[in-house]
Amino acid sequence: MKIIIQGARVIDPANKVDGRFDLLIEGTKIKAMEKDISPTKDTHLINAQGKLVVPGLVDMHVHLREPGREDKETIATGCRAAVAGGVTSLACMPNTTPVNDNKSITNFIKRRAQEVNLANVYPIGAISRGSMGEELSEMAELHEEGVVAYSDDGKPVMNPLLMRRALEYAQLFHLPMISHCEDIHLSADGLVNEGLISTLTGLKGIPREAEEIMVSRDIILAKMTGGPIHIAHVSSAGSVSLIRQAKKEGAPITAEVTPHHFSLTEEMVLRFDTNTKVNPPLRTKRDVEALIEGLRDGTIDAIASDHAPHTLAEKEQEYNLAPFGIVGLETLLAVSLTNLYHTKKLDLDTLIAKLSYNPAQILKIPAGTLSIGAKADICIIDPEKKFVVIGSQFYSKGENTPFQGQELIGAPIMTLRAGKIVYPLDEAAGSFNNLSNSLR
């Protein structure tokens, strides 16, 4: 099958492309990118004038919950949410039930993703057995089965010797360590950012130092071992400064930020809406500004959703009882466009790089590019499309979004994976009728 995407502004940070081009897809791959490509009678046309064509997004921090908590999310519903958000490749965290600390769980996740056949799913293996932080997981077996990184995710590796050994061992497989930086002794039982809002609400605070101390430790360990560490969901100005300095000194450090951390502040907690309960917590305006500056100057490499679906019953509990986490796959791009691009805080080329090429490079996966011969994983975006966030309309099982009721500007309107339309779902079913008009 041949497809031509016509007349779009094509942005491909991997090849420094930003201009008006046609894109020819043959089978599963990108065949050509030229100013004007003439169709043949067996070519399907997609009229994308006035739209953006970018590499399929790469979300390197997702919780799919399966196996074990299919009431919260399944690989199928998570992948539907992903492609609806323009994400064609995602890396899923190991905090399933049981934990992904052995090859059988990794194999299960890969098989289920292949059966669903919507997005590319890359499992992340646990650093320690059961993510308990006491002894290393079967890291070699996990590598052989295809994990792309190691992480204990929401359970930080408090033992620095174990983290050192994990870094040394992971270098044999050239895989990064993804670190949830939190000193659990400082953050113990905390719910929100420590400061004025925690005082006003009476909710126990989590000091930013709980994150920054562990960021410092991991930077030191990365320098000591030479093993790459990726800092997940950076939330404080202090962490940004530490990472910036570490990069200047040549430390093998990369970092990500979430849309909720660069868009929202701790004032949201005053509503006692449990959809504002995240870990690390929402912080201050000063922290938000520092995160955006970190995105601008390259200190922060990637934007990731930290998609964490929960059931309504769990999130409808009192603030201190509700679990941490929000959904984000379906708002990843839209929130980023609204609060970074449309506010002129980040240009489109830089933004798209942090949503696609950069995370793919960190994970060393074949994604995030529109190179000739590359797999045709593509997101078509209407940068001016306005919509109101309604959690109950998500493809994800989770509705727990702090952006509920907010109007966002910019949205994916079509997603292709390996040359096949996977979103909208009616087109994914195989119909190419009226494609030339479908994006108007």
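Residues numbered from 1 in each chain as written. Predicted model: local features only at pLDDT ≥ 70, side-chain atom pairs only at ≥ 80, totals over all residues. Heavy atoms only, no water.

Novice: For this particular structure, what's the right way to read the layout of surface pockets?
Specialist: A probe matching the size of a water molecule, rolled over the atoms, marks out where space remains unfilled. Counted as a void, the largest pocket has a volume near 660 Å³. His63, Asn95, Asp153, Gly154 and Phe324 are, among the 35 residues lining the largest pocket, the residues nearest its centre. Roughly 330 Å³ of volume is contained in the second largest pocket. Lining the second largest pocket are 16 residues, and of these Ala84, Glu330, Phe387, Phe394 and Tyr423 sit closest to its centre. Elements supplying a minimum of two residues to the lining of the second largest pocket: β15 (378–388) and β16 (407–417). No other element matches the 3 residues that β15 contributes to the lining of the second largest pocket. Broken down by class, the residue content of the lining of the second largest pocket amounts to 11 nonpolar, 3 polar and 2 charged. (1 Å grid on protein atoms, 1.4 Å probe; cavity = no way out; pocket = protein on both sides within 12 Å on 5 of 7 lines; lining within 4 Å. Points joined across faces, edges and corners; volume = space filled by probe spheres on them. Helix = DSSP H or I, 4+ residues; strand = E, 2+ residues; numbered from the N terminus. Nonpolar A, V, L, I, M, F, W, Y, C, P; charged D, E, K, R; others polar.)

Novice: I'm lost on the sheet that holds strand β12 (residues 229–231) in this one. Help?
Specialist: Pairing between the strands of a sheet comes from backbone hydrogen bonds, and it takes one of two forms, parallel or antiparallel. Taking strand neighbours across the sheet as the criterion, the 4 strands line up as β9-β12-β13-β14 in an open arrangement whose pairing is parallel. Edge positions in the sheet fall to β9 (177–179) and β14 (302–303), since each has one partner strand and no second. Where strand β13 (residues 253–257) meets β14, 2 bridges bridge the pair, whose relative direction is parallel. By the bridge assignment, Glu256 is partnered in β14 with Ala302. (Pairing = 2+ DSSP bridges.)

Novice: Even after reading the chapter, I still don't get the packing of helix α4 (residues 160–170) against helix α7 (residues 209–225), so can you show me in this structure?
Specialist: How two helices sit against one another is set out by the angle between their axes and by the gap between those axes. The N-to-C vectors of α4 and α7 enclose an angle of 40°; their axes lie 10 Å apart at closest approach. It follows that α4 is oblique to α7 by the angle criterion. Of the two possible hands of crossing, α4 and α7 adopt the one that is right-handed. Contacts from Pro160, Met163, Arg164, Leu167 and Glu168 in α4 reach Arg217, Asp218, Leu221, Ala222, Met224 and Thr225 in α7. Residues that form the contact of α4 with α7 fall into these classes: 6 nonpolar, 1 polar and 4 charged. (Axes fitted to C-alpha atoms, helices over the stretch in contact; angles between N-to-C directions. Parallel < 35°, antiparallel > 145°, perpendicular 65-115°, else oblique. Left-handed = near helix turned anticlockwise from the far one by under 90°. Contact = heavy atoms within 4.5 Å.)

Novice: Looking at this structure, how should I read the pattern of salt bridges?
Specialist: Side chains bearing opposite charge may pair, as long as their charged atoms lie close to each other. With the rule as written, the count across this model stands at 22 salt bridges. With a closest N to O distance of 3.5 Å, Glu135 and Arg129 form a salt bridge. A salt bridge links Lys247 to Asp301, with the shortest nitrogen-to-oxygen separation between them at 2.7 Å. Note that Lys247 is positioned in helix α8 (residues 237–248) and Asp301 in the loop between α10 (285–297) and β14, a separation of 54 residues in sequence. Residues participating in the shared-partner salt-bridge network are Arg69, Asp71, Lys72 and Glu314. (Salt bridge = Lys/Arg side-chain N within 4 Å of Asp/Glu carboxyl O.)

Novice: Whenever I open this one, the nonpolar core confuses me. Can you help?
Specialist: Most often, soluble globular proteins have nonpolar side chains that are buried together. Counting residues in each nonpolar core, the largest one holds 74 residues, and the members touching the most others are Leu90, Tyr150, Met177, Ile231, Ile253 and Ile303. Per-element accounting of this core gives the leading share, 7 residues, to helix α1 (residues 75–84). One finds Ile5, Ala8, Ile380 and Ile421 within the second-largest nonpolar core, a separate group that totals 21 residues. (Core = buried A, V, L, I, M, F, W, Y, C linked by side-chain atoms within 4.5 Å. Buried < 20%, exposed > 50% of the residue type's maximum accessible area, 1.4 Å probe, protein only.)

Novice: Explain unusual backbone geometry to me, please; I cannot follow it from the model alone.
Specialist: Among all residues save glycine, negative phi is the norm, and among peptide bonds the norm is trans. In the segment running from Thr97 into Pro98, the intervening peptide bond is cis, with an omega of 5°. In this fold, Pro98 is placed in the loop between β7 (87–92) and α2 (103–116). Of note, the bond from Asn279 into Pro280 is cis; its omega dihedral lies within 30 degrees of zero at 5°. Of note in this structure, His233 is not a glycine but carries a positive phi near 30°. You can see His233 is positioned in the loop between β12 and α8. Overall, the relative accessible area of 3% leaves His233 in the buried class. Even without being a glycine, Asp306 presents a positive backbone phi close to 50°. Secondary-structure assignment places Asp306 in the loop between β14 and α11 (312–315). Judged by relative accessible area, Asp306 falls into the buried class, the value being 10%.

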